[in-house]
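As a plain string of letters, each chain reads:
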Amino acid sequence: MTTLPDRPDFDLIASWVEPGQRVLDLGCGDGSLLKRLINERNVQGWGVEIDDANILAALQNGINVIQSNLENGLADFADQAFDHVVLSRTLQTVRHTEGILNEMLRVGRAAVVSFPNFAYWRNLRALLDGRMPVSEDLPYQWYDTPNARFFTLLDFEALCRQMGLSIRERQVLDEAGQPVEATRDEDINFLGSLAVYRLTRTR
Amino acid sequence: MAGQSVGVVAAQRLHFSEPLHLRSGGVLPSYDLMVETYGTLNAAKSNAILICHALSGHHHVAGHYTDQPGNIGWWDNIIGPGRPLDTDKFFVVGLNNLGGCHGSTGPSSINPASGKPWGADFPMLAVSDWVTAQARLADCFGIDQWAAVMGGSLGGMQALRWSITFPERVRHAIVIASAPKLSAQNIAFNDVARQAILTDPDFHGGHYYDYGTRPLRGLRLARMLGHITYLSDDQMGEKFGRELRNNAFSFDFDVEFEVESYLRYQGDKFAGYFDANTYLLMTKALDYFDPARLDDGDLVKALGRTDPRTGFLVASFTTDWRFSPARSREIVAALLANGRNVSYAEIDLNFGHDSFLMEDAHYHGVVAAYLRNITL
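Report follows, based on the coordinates. Note that this is a predicted model, so its numbers are computed, not measured.

Concerning the overall build of chain B
- A count of helical and extended segments in chain B gives 10 helices and 14 strands.
- Computed over the C-alpha atoms, the radius of gyration of chain B is 20 Å, within 12% of the 21 Å expected from 2.2 N^0.38 for a compact globule of 376 residues.
- Considering only C-alpha atoms, chain B reaches an extent of 65 × 50 × 50 Å along its principal axes.
- Out of the 376 residues in chain B, the part that is buried amounts to 58%.
- Summarising the internal contacts of chain B: among those between residues at least 6 apart in sequence, 72% fall at separations of at least 24.
- When the 31 positive and 40 negative side-chain charges of chain B are each reduced to one mean point, those points stand 5 Å apart.

The following block contains the structure:
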């Protein structure tokens, strides 16, 4: 979605992707993540974008980009065509949550998903103060947000269990982009602003 | 308009004396191609872009002639210094395809065997024949590999065919407002257009040149029909609506609605300069185009013949119902299934199939961005 310099979730994703892999980045923006993965990990990458300005920006960055609406699924992509399918800070904007997760793991061996955690304590405090949260990871006002789904880390993990998806990696970051240090899931849910997961189908 | 025109240009005629064996089984013993070039071929000959034309196009792609300042090339808005096909960087080649009526060997040329115009005896052509002739043209210039082969509509089909037939000779293929093959509806429109020509009493079995006449009525109807398929419903509605020329019904068959006036004008203009036999050949080449045919209709397999290093830009237009975005997506999906480097833009422009010829900041921005990343 938005392009921030030095996005901490990009560091994690780059560390999970093996050199030479095929990567599909859904909602790739201007292609910054793919550009980084190409430069650092020598991947072959494709992005998917709906927005004209991002299509243009990705092309200017020399990234393969496909103009498509994620809500319509990934029909243009063959089964298991990619090693990693990335959905970075975009899941909360997609209405068909289960549909897109299923599609990601149809076309890819593993899915990487990052999203803002609604249960982050500053968000909760904003709500207790009577206002919708606005933060580093939820940077919109309620009336202009592209976000369609508001959920927490624990909500997401419950959905993964329900869908039979295995969580292979999880990293939770605070608003400064630092890893959250806690042992209990409830505490991590409370302290984390952005959650990053690597998922596979349970086999 | 961003950038500049290439300015004054001149066409050249190239003669090819080696026989060309055609997909239909026919043979052209020798032939001429009309060609224009813009920009300068670099020493490594690595900066050449081939422009393939659509149904009614030709070699005069950009610029104007000294003695005809108003005769501007058909894709002038995209070619020139500072334009998306930047002639400060690229050497751009346009040609009139075989079978054409703008100087390249075609049905109105003299058949050396009879000393008369070929007419209906001109052999049937396929897109692959054009590509073979274009490859010989590349040889003439010493171009082993095009930096890009680019075209809209039927021109896009040639770019796609290039990437399959001569994979190592195409670094990038730019396929705009095109399709991997025609639908039954596309073929149906083409056949009605052909029937209009074939049933014109002035057609004389295609040998109308010998009778000092031309099937103008049929050609005019063919163009009117074709023109409807080039425009979008919305655009026609906005441009003409139900406007009447004289503000009242005249209750006769003269021109009443503005849209009738427009179509008749377009038909008359086209019939005035285009050759009916060429129109027949071009529409048949469109109908025959199906690069997956020899792979049992498997487009993924057919595009697997492209070079893994070849890059593709595919673009479509939201209001194009002749070759809709879904048709371009078939190409994109088959390229993706082969792991090819492909980008796809679905451009929101209101001009139907004709959008590919229009100047639009986003559309041209997409083409410019893609071309700017081509390394020479």
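A look at the interface of chain A and chain B
- On the chain B side, the residues contacting the 18 residues of chain A number 19 residues.
- Interface area for chain A against chain B, summed over the two sides, is near 1600 Å², with a carbon-plus-sulfur share of 52%.
- If you sort the residues of chain A by the area they bury against chain B, Leu59, Gln67 and Asp76 of chain A come out on top, with a joint share of 35%.
- In this structure, the salt-bridge partner of Asp76 of chain A is Arg329 of chain B, at a minimum N-O distance of 2.6 Å.
- Our count for the contact surface shared by chain A and chain B stands at 12 residue pairs in polar contact (both at pLDDT 80 or more).
- Those elements that place two or more of their residues in the side of chain A that touches chain B are β2 (44-49), α3 (52-60) and β3 (64-67) of chain A.
- With five residues, α3 of chain A is the largest single contributor of residues to the side of chain A that touches chain B.
- Residue composition of the side of chain A that touches chain B, grouped by class: eight nonpolar, seven polar and three charged.

A closer look at the environment of Asp268 of chain B
All names here are of chain B.
- Relative to the helices and strands, Asp268 is located in helix α6 (residues 258-273).
- Expressed as a C-alpha distance, the spacing of Asp268 and Glu36, which sit 232 residues apart in the sequence, is 27 Å.
- For Asp268, the side chain forms a polar contact with the side chain of Arg220, separated by 2.6 Å.

Let's talk about the pairing of strand β7 (residues 68-72) of chain B
All names here are of chain B.
- Bridge count between strand β6 (residues 64-65) and β7: two bridges; the pairing is antiparallel. From the neighbouring strand, His64 faces β7, where its bridge partner is Ile72.
- Hairpin connection of β6 to β7: two residues between the antiparallel strands.

Description of the side chain of His60 of chain B
All names here are of chain B.
- Following the sequence through the fold, His60 ends up in the loop between β5 (48-52) and β6.
- Given a relative accessible area of 2%, His60 falls into the buried group.
- Side-chain polar atoms of His60 contact the side chain of Glu36, separated by 3.1 Å.
- A distance of 3.4 Å separates the side chain of His60 from the side chain of Tyr65, its partner in a polar contact.
- Beyond its immediate sequence surroundings of up to four residues, His60 is in contact with Val9, Glu36, Tyr38, Tyr65, Asn71, Ile72, Gly73 and Trp74.

Re the packing of helix α3 (residues 184-198) of chain B against helix α7 (residues 276-288) of chain B
Residue and element names in this part refer to chain B.
- The geometry of α3 relative to α7 is characterised by a closest axis approach of 10 Å and an angle of 160° between their N-to-C directions. As the angle between them shows, α3 and α7 are arranged roughly antiparallel. The handedness of the crossing between α3 and α7 comes out as left-handed. Residue-level contacts link Ile187, Asn190, Ala193, Arg194, Ile197 and Leu198 of α3 to Ala276, Tyr279, Leu280, Thr283, Lys284, Leu286 and Asp287 of α7.
- Considered class by class, the residues forming the contact of α3 with α7 number eight nonpolar, two polar and three charged.

Conventions used here
Residues numbered from 1 in each chain as written. Chains lettered and ligands numbered in written order. Predicted model: local features only at pLDDT ≥ 70, side-chain atom pairs only at ≥ 80, totals over all residues. Heavy atoms only, no water. Helix = DSSP H or I, 4+ residues; strand = E, 2+ residues; numbered from the N terminus. Rg over C-alpha atoms; globule rule 2.2 N^0.38 Å. Buried < 20%, exposed > 50% of the residue type's maximum accessible area, 1.4 Å probe, protein only. Contact = heavy atoms within 4.5 Å. Lys, Arg positive; Asp, Glu negative; His and termini not counted. Charge placed at Lys NZ, Arg CZ, Asp CG, Glu CD. Buried area = accessible area lost by both parts, 1.4 Å probe. Salt bridge = Lys/Arg side-chain N within 4 Å of Asp/Glu carboxyl O. Polar contact = N/O pair within 3.5 Å; in protein donor to acceptor, adjacent residues only side chain to side chain. Nonpolar A, V, L, I, M, F, W, Y, C, P; charged D, E, K, R; others polar. Pairing = 2+ DSSP bridges. Axes fitted to C-alpha atoms, helices over the stretch in contact; angles between N-to-C directions. Parallel < 35°, antiparallel > 145°, perpendicular 65-115°, else oblique. Left-handed = near helix turned anticlockwise from the far one by under 90°.

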